[in-house]
Amino acid sequence: GWDWYAITAEMAGVLTILTRSVDDMEGDLRIDVYRADDLREPEEGSDQDQSGVMTNESVTVDVAAGETVYVKVAPAFAGNGAVAYRMASGVIGG
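All values reported here derive from a predicted model rather than from experimental measurement.

Enquirer: Before we go on, may I ask you to explain the packing of aromatic side chains in this structure?
Expert: A ring pair, where both rings are aromatic, is described by two values, the distance of the centres and the angle of the planes. Counted under the stated rule, the structure contains 1 aromatic pair. With a centroid separation of 5.2 Å and an interplanar angle of 45 degrees, the aromatic rings of Trp 4 and Tyr 34 are classed as tilted. Of this pair, Trp 4 sits in strand β1 (residues 3-8) while Tyr 34 sits in strand β3 (residues 29-35), placing them 30 residues apart in sequence. On the basis of relative accessible area, Tyr 34 is assigned to the buried category, the value being 5%. Positioned over the ring face of Trp 2 is Lys 72, at 5.2 Å from the centre of the ring.

What follows is the structure in structure tokens.
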């Protein structure tokens, strides 16, 4: 399965969303970011496996103040089981 999150930017700028493994548990994740006007196709996506860790992903998108984006975190491959992860996000104002 996958998890959905809604993130509302408090200011205009670049929104960064990242995931990290929990207790060094590893599984391959993918992050997709959607705009409210198109939930069919992601605006941006990531399956980078940062630092060689399959759970470590990061994606950035430009946002307007007050804009809500929708984030889907899912196993990178169909049929993979649940993956324990932590997620963080923040906006760097522009």
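The structure having been displayed, the exposition proceeds.
Enquirer: Help me out: how do you make sense of the pairing of strand β6 (residues 68-75) in this one?
Expert: In summary, the side chains of a regular strand alternate between the two faces of the sheet. Across the 8 residues that make up β6, a large majority, 6, are buried. Across 6 bridges, the pairing between β1 and β6 is antiparallel. Its bridge partner being in β6, Ile 7 is matched across the sheet by Val 69. Where β3 meets β6, 7 bridges bridge the pair, whose relative direction is antiparallel.

Enquirer: Explanation requested: the sheet that holds strand β5 (residues 57-63) in the structure shown.
Expert: Spatially, the 3 strands line up as an open sheet ordered β5-β2-β7, and their pairing is antiparallel. Both outer strands of the open sheet, β5 and β7 (85-93), are each paired with one neighbouring strand and no more. The sheet shows a mean angle of 15 degrees between the axes of neighbouring strands, taken without regard to direction. Sheet topology note: the strand β2 (residues 13-21)/β7 ladder contains 9 bridges and is antiparallel. Within β7, the position partnered with Arg 20 by the bridge is Arg 86.

Enquirer: Would you take a moment to explain the side chain of Asn 56 for this structure?
Expert: Structurally, Asn 56 can be placed in the loop between β4 (44-46) and β5. Other than its neighbours up to four places away in sequence, Asn 56 contacts Thr 19, Arg 20, Ser 21, Asp 49 and Gln 50.

Enquirer: Mind showing me how you'd approach the nonpolar core here?
Expert: If you look at soluble globular proteins, the nonpolar side chains tend to sit buried side by side. Within the largest apolar cluster, 15 residues are counted, with the highest numbers of intra-cluster contacts made by Ile 7, Leu 15, Ile 17, Val 33, Val 63, Val 69 and Val 71. Looking at this core, the elements that each hand over two or more residues are β2, β3, β5 and β6. Aside from chain neighbours lying at most four places away, what touches Leu 15 is Ile 7, Val 59, Thr 60, Val 61, Val 63, Val 69, Ser 89, Gly 90 and Val 91.

Enquirer: What is the right way to read the side chain of Thr 19 from this model?
Expert: Tracing the chain through its elements places Thr 19 in strand β2. A distance of 2.7 Å separates a polar atom in the side chain of Thr 19 from the backbone oxygen of Thr 55. Apart from residues lying up to four places away in sequence, Thr 19 is in contact with Leu 29, Ile 31, Thr 55, Asn 56, Glu 57, Val 73, Tyr 85, Arg 86 and Met 87.

About the criteria used
- In this convention, every chain numbers its residues from 1, walking through the sequence in written order.
- Totals for whole chains, interfaces and linings use every residue, but because this is a predicted model, local features are given only for residues with pLDDT of at least 70 and side-chain atom pairs only at 80 or more, for both listing and counting.
- As a rule here, side-chain values come from all non-hydrogen atoms in the structure, and water together with hydrogens is ignored.
- Two rings from Phe, Tyr or Trp (for Trp, the six-membered ring) form a pair when their centres are within 6.5 Å of each other. A pair whose planes differ by under 30 degrees is stacked, one over 60 is edge-to-face, and the rest are tilted.
- Starting at the N terminus, helices and strands are each numbered in turn, a helix being any DSSP run of H or I of at least four residues and a strand any DSSP run of E of at least two.
- Any residue under 20% of the maximum accessible area for its type is buried, any over 50% is exposed, and the rest in between are partly exposed; the area is computed with a 1.4 Å probe on protein chains only.
- Here, a charge over a ring is recorded when the distance from Lys NZ or Arg CZ to the ring centre is within 6 Å and its angle to the ring normal is within 35 degrees.
- Each pair of strands is called paired provided DSSP finds at least two bridges between the two strands.
- Lines fitted to the C-alpha atoms define the axes, with helices restricted to the stretch that makes contact. Angles between their N-to-C directions range from 0 to 180 degrees.
- The contact rule is simple, with two residues in contact once any of their heavy atoms fall within 4.5 Å.
- Throughout, nonpolar core names a set of buried Ala, Val, Leu, Ile, Met, Phe, Trp, Tyr and Cys residues whose side chains join them through atoms within 4.5 Å.
- In protein, a polar contact means a hydrogen-donor-capable atom and an acceptor-capable atom, both N or O and within 3.5 Å, with residues adjacent in sequence counting only if both atoms are side-chain atoms; elsewhere, any N or O pair within 3.5 Å suffices.

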